[in-house]
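Chain and residue survey
For reference, the chains in residue letters:
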Amino acid sequence: MDSIKVAIFSVAHVHTHTYVNCLLANNKAEIIGIYDDNFDRVKPYTEKFGIKYYSNCNELLEQKPHFALVCSENALHQQLTLAAAAKKVDVLCEKPLGITKASMAEMLKACSINGVKLMTTFPNRYVHSFLNAKRAVEEGRIGKLIGIKATNKGSMPGGWFVKPELSGGGSVIDHTVHVADLVNWLLGCVPDSVYAVCANRLYDGISVDDVSFVNFKYPNGVFVSLDSSWSRSAAFPYGRDLTMNIIGTEGSIFIDYFAEKNQVFSNEKSKAEWSYYGEDKDMMMINDVIMSYEAGYDFMISGQDGYNSAIVALAAYCSIREGREVLISEI
Amino acid sequence: MKLALAGYGSLAKVYINAVEEIDELKISAVYDCNMEKVKQSIKDINIVGDYCDLLRSDCDAVMLCVPAYMQHDMAKKAADFGKNVICQIPPALNSHDIIELAEYFKLKNLRLIPAMFDRYFANIFDVRKHLNNNTIGNIGVVNIRRYCPKANNKEQNWYNDFDLSGGCIYQLMVCDIDLITQLFGEVESAFGYHRTLEGVDYAVMTLVMKCGVLVNIEALFGYKGEFSKAYELSGSKGNICFDSLLADSSRIIGGGLNSEHFSLDCSLNAANHNPYKLMLIDIVKSINMGDDSILDIDDLIYACRIADMCGQSISVKVV
């Protein structure tokens, strides 16, 4: 099979650099161009990797990519996905899928009508610790599930992430979707109610939430309590965090994605650091997407999955506005 | 000051050891329904097999070291004999009964002192120091948890019956709510989930404090691992993390250990820092000076009122 042609739609998201490196490392993948309305931020990619720049996404779509990798600001996911779908090009869209229910519904509809695949980037589903946990739960090793405590903390990303018109919110929308997707996948269903709190406590001069708890409950009674804060200080040895403690009647499963690390103490650095050596989930996800074209299987994660997790974050903001537990069906 | 102990289980032994280190305090008598068991363990202390005999004895306070479900009635009886009482957490199995008990003592002008020894652990003193020094800046978010396995000996079986022990909310979560309110003041709003399934009792609560700090408290009873406590405080200038399983400076693996101290043995490693001793010294001070603000029963009632909101699955604005 010829190479799988990939169009990068915007480099706004911090994950773009990693994805580009993953695609460049895959000898079956070919990045045919990058579209972005801001050439300055594309420059590092054109100069270092010689990737062609497009100032118009439709011109890039004319080059017949297999899929468009949408890494724009969250608010632009809809527009870029609709453009790709109209040209019958599949879409791999950065999370969250969208920042409104209507925009996400339109994305799903457009992809469906045009017969193109839509996937949300949830690389955590490829991680062995989560796969093992899912298997253990399905085998009944911890009995009946009761509840889950999760954390998906990180450092404050700044830039467009703290401009709500582009991001859709702060820590809640940035960090809720990963855990919501993992639990939806684990349980095979979606939550029906959400209660959340948030505040701006840690960073001056930003207009979005930097600390937050999002609680959600599934129809089978399993509840999740998530710390989705941007609470990793600059002094902390590592900027990211993803943990899950799954409590069952016969046992529990504790997952710490970044536990596979060396603790590094160097006179060259002003603080201790964790050197993560665990698996590269982004690489696994990108390789799987490329392989899906070769082997002819569907994307592992759907646009609907992206919708089902983003709606939890949107419900969380609704709960915060109204100061009460809200039903997903109300959103 | 003379302290009479009611109940001789693992907790009583911890207190007896602590009292030995306090000059101005002595154990005047011990009551247990199984006198012979007590006699095999302790000498030189008056041992009685009738609770009323203990209450008739010359003492300044009675410390209850009996199961949670027995404390309410035994505390009341002690009050009828004119005794101050030091009770364990929880002294009753619902906040209504605790409030009624507190009122009973107030009417008799006696002290009912909750043994909130968690406040006196070395790691909590250290947290206070950092908060006072503003080491990690403006606090934004706190996660705190307490996981406890089932009791697996006959003497402590009552813990496993949540109707007798109060379950994870009254045995575990109340202690952390108290710590949080000690550190950050009153609660603005509370929301929680609580489920009990096949002997496992699990609750998670989200609090918004009046000062603006967001708090998440987890409590798990029936955990299959060992007892542990953990927390993380995140501020504008840094983070403070603690996990009791990582804070043991000495651990014995094997060696014929039993699980008798399943809920008591953590964070005791700090040399010369015995939280039970420090609490007892405060209690002596409190009774001698008539200072109700030290280990105030109203603090416990407040924590229980917050805890009662867990499981309602609704946001409750706390007045």
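Residues numbered from 1 in each chain as written. Chains lettered and ligands numbered in written order. Predicted model: local features only at pLDDT ≥ 70, side-chain atom pairs only at ≥ 80, totals over all residues.

Residues and elements named next belong to chain A. The geometry of helix H1 (residues 16–25) relative to helix H9 (residues 281–295) is characterised by a closest axis approach of 9 Å and an angle of 55° between their N-to-C directions. Classified by the angle their axes make, H1 and H9 are oblique. The two elements H1 and H9 meet at a crossing, and its hand is right-handed. Between H1 and H9, the contacting residues are Thr-18, Tyr-19, Cys-22, Leu-23 and Ala-25 on the first element and Asp-282, Met-283 and Ile-286 on the second. (Axes fitted to C-alpha atoms, helices over the stretch in contact; angles between N-to-C directions. Helix = DSSP H or I, 4+ residues; strand = E, 2+ residues; numbered from the N terminus. Parallel < 35°, antiparallel > 145°, perpendicular 65-115°, else oblique. Left-handed = near helix turned anticlockwise from the far one by under 90°. Contact = placed C-beta atoms within 7 Å.)

Tallying the contact residues gives 32 residues for chain A and 29 residues for chain B. Breaking the side of chain A that touches chain B down by element, the ones donating at least two residues are strand S7 (145–151), strand S8 (193–199), strand S9 (211–217) and strand S10 (223–227) of chain A. Taken together, the residues of the side of chain A that touches chain B sort by class into eleven nonpolar, 13 polar and eight charged. (Nonpolar A, V, L, I, M, F, W, Y, C, P; charged D, E, K, R; others polar.)

A separate point is the packing of helix H1 (residues 10–19) of chain B against helix H9 (residues 275–289) of chain B. A pair of packed helices is captured by two measures, namely the crossing angle of their axes and the spacing between those axes. Residues and elements named next belong to chain B. It is at 9 Å that the axes of H1 and H9 come closest, and there the two elements cross at 70°. As far as their axial angle goes, H9 and H1 are roughly perpendicular. As for how H1 packs across H9, the hand of that crossing is right-handed. On H9, the residues that touch Val-14, Tyr-15, Ala-18 and Val-19 of H1 are Tyr-276, Lys-277 and Leu-280.

In many analyses, interface size is given as the accessible surface area lost on bringing the parts together. All names here are of chain B. Segmentation of chain B into domains returns domain 1 (2–114) and domain 2 (118–271 + 294–317). Contacts between domain 1 and domain 2 engage 17 residues on the former and 18 residues on the latter. It is helix H5 (residues 95–107) that provides the largest number of residues to the side of domain 1 that touches domain 2, a total of four residues. When grouped by side-chain class, the residues that make up the side of domain 1 that touches domain 2 number 14 nonpolar, three polar and no charged. (Domains from an automatic or database assignment.)

This part takes up unusual backbone geometry. Each neighbour pair has its own omega, and for Lys-95 of chain A with Pro-96 of chain A the value is -10°, a cis peptide bond. Relative to the elements of secondary structure, Pro-96 of chain A occurs in the loop between strand S5 (90–93) and helix H5 (101–113). For the bond running from Ile-89 of chain B to Pro-90 of chain B, omega is -5°, close enough to zero to count as cis. Mapped onto the fold, Pro-90 of chain B is located in the loop between strand S5 (84–87) and H5. A positive phi angle, close to 45°, is found at Glu-198 of chain B, a residue other than glycine. Looking at where Glu-198 of chain B falls in the secondary structure, it is placed in the loop between strand S8 (187–197) and strand S9 (200–209). Positive phi is not limited to glycine here, since Leu-295 of chain B has a value of about 50°. Here Leu-295 of chain B lies in the loop between H9 and helix H10 (297–308).

So, about the sheet that holds strand S3 (residues 53–54) of chain A. All names here are of chain A. Spatial strand order, S3-S2-S1-S4-S5-S6: six strands in an open sheet with parallel pairing. At either end of the open sheet lies a strand with only one pairing partner, and these are S3 and strand S6 (118–120). Relative to S6, S5 is paired through three bridges, and the arrangement is parallel. Its bridge partner lying in S6, Leu-92 is registered against Met-119. (Pairing = 2+ DSSP bridges.)

This next bit is on H5 of chain A. Residue and element names in this part refer to chain A. Along its 13 residues, H5 runs 18 Å from first to last C-alpha, staying within 8% of the 18 Å computed at 1.5 Å per residue. Among all positions in H5, only Ser-103, Met-104, Met-107, Leu-108, Ala-110 and Cys-111 are buried. Looking down the long axis of H5, one finds its buried residues gathered within 165° of arc, a one-sided arrangement. Turned more than 90 degrees away from the buried face of H5, the exposed residues are Ala-102 and Ile-113. Where H5 is buried, its residues touch helix H4 (77–86), S5, S6 and helix H10 (303–322). Residue Gly-115 follows H5 closely and has a positive phi angle near 65°. (Expected span 1.5 Å × (residues − 1). Buried ≥ 20, exposed ≤ 12 C-beta atoms within 10 Å, placed from the backbone. Arc of directions from axis to C-beta.)

In terms of nonpolar packing, the biggest core is built from 200 residues, with Val-91 of chain A together with Leu-5, Ala-6, Val-62, Leu-64 and Met-173 of chain B touching the most fellow members. Element by element, the count of residues in this core is highest for helix H8 (residues 167–184) of chain B, at eleven residues. (Core = buried A, V, L, I, M, F, W, Y, C linked by C-beta atoms within 7 Å.)

Time to look at the environment of Ala-4 of chain B. Residue and element names in this part refer to chain B. Mapping Ala-4 onto the fold places it in strand S1 (residues 2–6). For Ala-4, a count of 27 C-beta atoms within 10 Å puts it in the buried group. In this structure the C-alpha to C-alpha distance between Ala-4 and Ser-57, which are 53 residues apart in sequence, comes to 8.2 Å. For Ala-4, the residues in contact, after removing those within four places along its chain, are Ser-28, Ala-29, Leu-54, Ser-57, Cys-59 and Val-62.

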